[in-house]
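# Coordinate analysis (summary)
Listed below are the residues making up each chain.
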Amino acid sequence: MLLVVGVYIVAGNLAGGAAAGGVGLAKGAVPAAYQTLVQKWGNLCPAINPALLAAQLYQESGFNPGARSPAKAQGIAQFIPGTWATHGVDGDGDGDRDVWDPEDAIPSAASYDCELAKYVKDVPGDASANMLASYNAGAYAVIRYGGVPPYRETRNYVKTITTLAKSFAAPVARVDPSRQAAGAIAYAQSKLGTPYLWGGTGTAAQSGRFDCSGLTQASYDQVGIKLPRVANDQYNAGPHPARSELLPGDLVFFSHDPADSRAIHHVGIYVGGGYMIDAPRTGAVIRFDPIDGGDYFGATRVTEDGAKALPTHV
């Protein structure tokens, strides 16, 4: 049976400092080259766990070890030079500290998180949330306000990371439905990081690249469900759960006109926690994105067992 994020209940409180070893990583959610590193170093202290560390790395760089930002942040964990000079560690024991080497940068990110958690250990509230707020706004601000400070950017950062972490956590108990949804999500997860291609359906001639509806079509084709090619036709491929009824595997749609399904311009696969996997646009890669934007239109459930599970609306 496929074990895929979102189609199962995840263990523990992802924002609440799970005990070491208590939270694993969902299969395929982290690039294979970094899976062991994230699992190991994500258990460095009680304030973090592997899923939370994975969410940070994804948010910071999209797991790109060569990432550079306009603010001169560098590498997979996006350390600025001054912070790296103080907090970088030699994670692989080869005698140097290389911000561009994930075997140093990932341990350094975990170590820095744990240092921040120590600074704010006496602050009331959730230890992981306070740690993330310290990462964004500084430990002094967290101490001053007695918890996550009332800065919009900081609160959004904490919410984004803790919510996204749920999409990286290994499942422990199944929530029906459905096995087909799990298989579709597993396929989409395996394509994380693939560059977008307008009109792409994943063929060899297209170097395995997709556009948004090409990805959803291919993901469900893997489990025997045939979807139309374009997003606004996929919207009509099944019943429409309300936002409060969403389950992992539901297709989620975005429209230029909130009253017209023919104006739908984008589709993704819901994975839980307010996030989807999607192929966003030219210049971007397949990734996790939040669904609650201003142009959210609705959802479609394309699995037969999932459709039967929907409540009847009169």
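Higher on the page you've got the structure.
Below, the structure is looked at part by part. (Residues numbered from 1 in each chain as written. Predicted model: local features only at pLDDT ≥ 70, side-chain atom pairs only at ≥ 80, totals over all residues. Heavy atoms only, no water.)

So, about the overall build of the protein. The helix and strand tally for the protein stands at 11 helices and seven strands. Out of the 314 residues in the protein, the part that is buried amounts to 51%. Contacts in the protein between residues at least 24 apart in sequence constitute 58% of all its contacts with a sequence separation of at least 6. A total accessible area of about 14,000 Å² is found for the protein, and carbon and sulfur atoms account for 53% of it. (Helix = DSSP H or I, 4+ residues; strand = E, 2+ residues; numbered from the N terminus. Buried < 20%, exposed > 50% of the residue type's maximum accessible area, 1.4 Å probe, protein only. Contact = heavy atoms within 4.5 Å. Areas by Shrake-Rupley, 256 points an atom, 1.4 Å probe, with all protein chains shown as cover.)

Next up on the list: the nonpolar core. Counting residues in each nonpolar core, the largest one holds 76 residues, and the members touching the most others are Val38, Phe63 and Phe168. Looking at this core element by element, the count peaks at eight residues for helix H4 (residues 102-119). With near-sequence residues (within four places) excluded, Val38 lies in contact with Leu25, Val30, Pro50, Leu53, Ala54, Leu57 and Ile106. In this structure, Leu246, Val252, Tyr296 and Ala299 belong to the second largest nonpolar core, which totals eight residues. (Core = buried A, V, L, I, M, F, W, Y, C linked by side-chain atoms within 4.5 Å.)

With five of five residues buried, strand S3 (residues 251-255) lies mostly within the body of the structure. The two faces of S3 match: Leu251, Phe253 and Ser255 on one face and Val252 and Phe254 on the other face are all buried. With five bridges joining them, S3 and strand S4 (residues 264-272) adopt antiparallel strand pairing. Within S4, the position partnered with Phe253 by the bridge is Val267. Where S3 and strand S7 (residues 296-300) come together, four bridges link them in antiparallel fashion. Within the sheet, the bridge partner assigned to Phe253 lies in S7 and is Gly298. (Pairing = 2+ DSSP bridges.)

Bringing the packing of aromatic side chains into the picture now. Scanning the entire structure with this criterion turns up 14 aromatic pairs. An angle of 70 degrees between the planes, with centres 5.2 Å apart, marks the rings of Phe79 and Trp84 as edge-to-face. Here Phe79 and Trp84 have matching classes, each one buried. Geometrically, the ring pair formed by Phe79 and Tyr112 is tilted, given 6.1 Å between the ring centres and 50 degrees between the ring planes. Here Tyr112 lies in helix H4 and Phe79 lies in the loop between helix H2 (50-61) and helix H3 (81-87), a separation of 33 residues in the sequence. Given the relative accessible area of 16%, Tyr112 is considered buried. Members of the aromatic cluster, connected to one another through ring pairs, are Phe79, Trp84, Tyr112, Tyr135 and Tyr157. (Phe/Tyr/Trp six-rings, centres within 6.5 Å; stacked < 30°, edge-to-face > 60°.)

Applying the stated criterion across every chain, the model contains one disulfide. The partner cysteine of Cys45 in its disulfide is Cys114, sulfur to sulfur 2.1 Å. Taking the torsion about the sulfur-sulfur bond, which here is approximately -95 degrees, the covalent link between Cys45 and Cys114 counts as left-handed. In this pair, Cys45 is assigned in the loop between helix H1 (32-41) and H2 and Cys114 in helix H4, connecting sequence segments 69 residues apart. (Disulfide = S-S within 2.5 Å.)

Taking 1.5 Å as the rise per residue, helix H7 (residues 152-165) with 14 residues should run 20 Å; its terminal C-alpha atoms sit 20 Å apart, in good agreement. All of the buried residues in H7 are Thr154, Tyr157, Val158, Ile161, Thr162, Thr163, Leu164 and Ala165. The inward-facing, buried residues of H7 abut H2, helix H5 (127-137), strand S5 (275-278) and strand S6 (287-290). (Expected span 1.5 Å × (residues − 1).)

The next point concerns unusual backbone geometry. For Lys72, which is not glycine, the phi torsion reads 75 degrees and is therefore positive. If you trace the backbone, Lys72 turns up in the loop between H2 and H3. Although it is not a glycine, Ser207 sits at a positive phi angle of roughly 55 degrees. Along the chain, Ser207 falls in the loop between helix H8 (179-190) and helix H9 (212-221).

Turning our attention to the pattern of salt bridges. A complete count under the given rule lists seven salt bridges for this structure. For Lys121, the salt bridge identified is with Asp122, shortest N-O distance 3.5 Å. Of the residues examined, Asp122 reaches a relative accessible area of 66% and is grouped as exposed. (Salt bridge = Lys/Arg side-chain N within 4 Å of Asp/Glu carboxyl O.)

Glancing now at the side chain of Arg301. Along the polypeptide, Arg301 turns up in the loop between S7 and helix H11 (304-308). Using a relative accessible area of 4% as the deciding quantity, one classes Arg301 as buried. A distance of 2.8 Å separates the side chain of Arg301 from the backbone oxygen of Glu245, its partner in a polar contact. Side chain to side chain, Arg301 and Asp250 meet in a polar contact 2.8 Å long. (Polar contact = N/O pair within 3.5 Å; in protein donor to acceptor, adjacent residues only side chain to side chain.)

Another point: the environment of Leu116. Assignment of secondary structure puts Leu116 in helix H4. Here the alpha-carbon distance between Leu116 and Met131, two residues 15 residues apart in the chain, equals 5.7 Å. Among all residues touching Leu116, those that are not within four sequence positions of it are Met131, Ser134 and Tyr135.

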